[in-house]
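# Descriptive analysis of the structure
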Amino acid sequence: MSFSPLIRQLIDSLRILPGVGQKTAQRMALQMLERDRSGALRLAQALTQAMEGVGHCKQCRTLSEDDVCQLCLDPRRDDSLLCVVEGPMDVYAVEQTGYRGRYFVLKGHLSPLDGLGPEAIGVPDLLARIEQAAFSEVILATNPTVEGEATAHYIAQLLANKGLITSRIAHGMPLGGELELVDGGTLAHALAGRRPINL
């Protein structure tokens, strides 16, 4: 079946969403056109407002409607801790843990094959932020992927002589997990990161 140009444009636009393929985009487009035009118009309005009104915080670089986000404005946060993450979604994930320090959001991870070097992801901005503040510890919370590990290692090398504690989030066994169901790489990280039991 051949769709009209406007329907084809809608389908192609929906395909930019992660996990949305051709068939899913077609179903979404036809659902909006056939059954929920008012919902689709609300979605279009919300998308327009978000694209025009949401930018990046000038301090931590997370998504924000203001020049400086609410997390950076909060005076109750611990100014001695800086958590470095790969993207804004990671800020929300770390917040769920009860962490109450400051953040710096990279724009991804180092990936030479994709043309993402230190400047592209914001490493010079990170170094400038560290120079301007009085952090005592930098927590590298990049993803436990090859690229995330390389990014954390690179940043740790740059911070080696800055008089800071540079730490890396732990990797390993999920809470409630069973050894027989865990992959070898995860189990290796868990063994390497073992800690003594304090009684």
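Criteria and thresholds
Residues numbered from 1 in each chain as written. Predicted model: local features only at pLDDT ≥ 70, side-chain atom pairs only at ≥ 80, totals over all residues. Heavy atoms only, no water. Helix = DSSP H or I, 4+ residues; strand = E, 2+ residues; numbered from the N terminus. Rg over C-alpha atoms; globule rule 2.2 N^0.38 Å. Buried < 20%, exposed > 50% of the residue type's maximum accessible area, 1.4 Å probe, protein only. Contact = heavy atoms within 4.5 Å. Lys, Arg positive; Asp, Glu negative; His and termini not counted. Charge placed at Lys NZ, Arg CZ, Asp CG, Glu CD. UniProt positions renumbered as here; feature names shortened; annotations may be inferred. Pairing = 2+ DSSP bridges. Axes fitted to C-alpha atoms, helices over the stretch in contact; angles between N-to-C directions. Parallel < 35°, antiparallel > 145°, perpendicular 65-115°, else oblique. Left-handed = near helix turned anticlockwise from the far one by under 90°. Nonpolar A, V, L, I, M, F, W, Y, C, P; charged D, E, K, R; others polar. Polar contact = N/O pair within 3.5 Å; in protein donor to acceptor, adjacent residues only side chain to side chain.

Within the chain one finds nine helices and six strands. Rg of the C-alpha trace for the chain: 21 Å, well past the compact-globule value of 16 Å for 199 residues, more than 25% over. Projected onto the principal axes, the alpha-carbon positions of the chain cover approximately 65 × 45 × 35 Å. Among the 199 residues that make up the chain, the fraction classed as buried is 31%. The long-range fraction of contacts in the chain, counting pairs at least 24 apart against all pairs at least 6 apart in sequence, stands at 47%. Side chains of the chain carry 19 positive and 23 negative charges; the gap between the two charge centres is 5 Å.

Okay, the UniProt feature "domain: Toprim" (unreviewed entry) in the chain next. Within this numbering scheme, the UniProt entry marks residues 80-174 as carrying the feature "domain: Toprim" (unreviewed entry). With 38% helix and 20% strand, residues 80-174 has end C-alpha atoms that lie 28 Å from one another.

Time to look at the pairing of strand β4 (residues 101-105). Along β4, five of the five residues are buried, which leaves the element largely enclosed by surrounding structure. As paired elements, strand β3 (residues 78-85) and β4 share five bridges and run parallel to each other. Residue pairing across strands places Cys83 opposite Tyr103, the latter belonging to β4.

As a further point, take the packing of helix α7 (residues 123-132) against helix α8 (residues 146-159). Two numbers describe how α7 lies on α8: the axes approach to 12 Å, and their chain directions differ by 40 degrees. If you check the angle between α7 and α8, you find them oblique. In the crossing of α7 with α8, the sense of the turn from one axis to the other is right-handed. Together, Val123, Leu126, Leu127 and Ile130 of α7 and Tyr154, Ile155, Leu158 and Leu159 of α8 make up the contact between the two elements. Here the residues of the contact of α7 with α8 are counted per class, giving eight nonpolar, no polar and no charged.

This paragraph deals with the environment of Arg77. Within the secondary structure, Arg77 sits in the loop between α4 (70-73) and β3. On the basis of relative accessible area, Arg77 is assigned to the buried category, the value being 6%. In this structure Arg77 touches Leu71, Glu95, Tyr99, Arg100, Gly101, Arg102 and Tyr103, once residues within four positions along its chain are discounted. Within the local environment of Arg77, its side chain forms a polar contact with the backbone oxygen of Gly101, the two atoms lying 2.7 Å apart.

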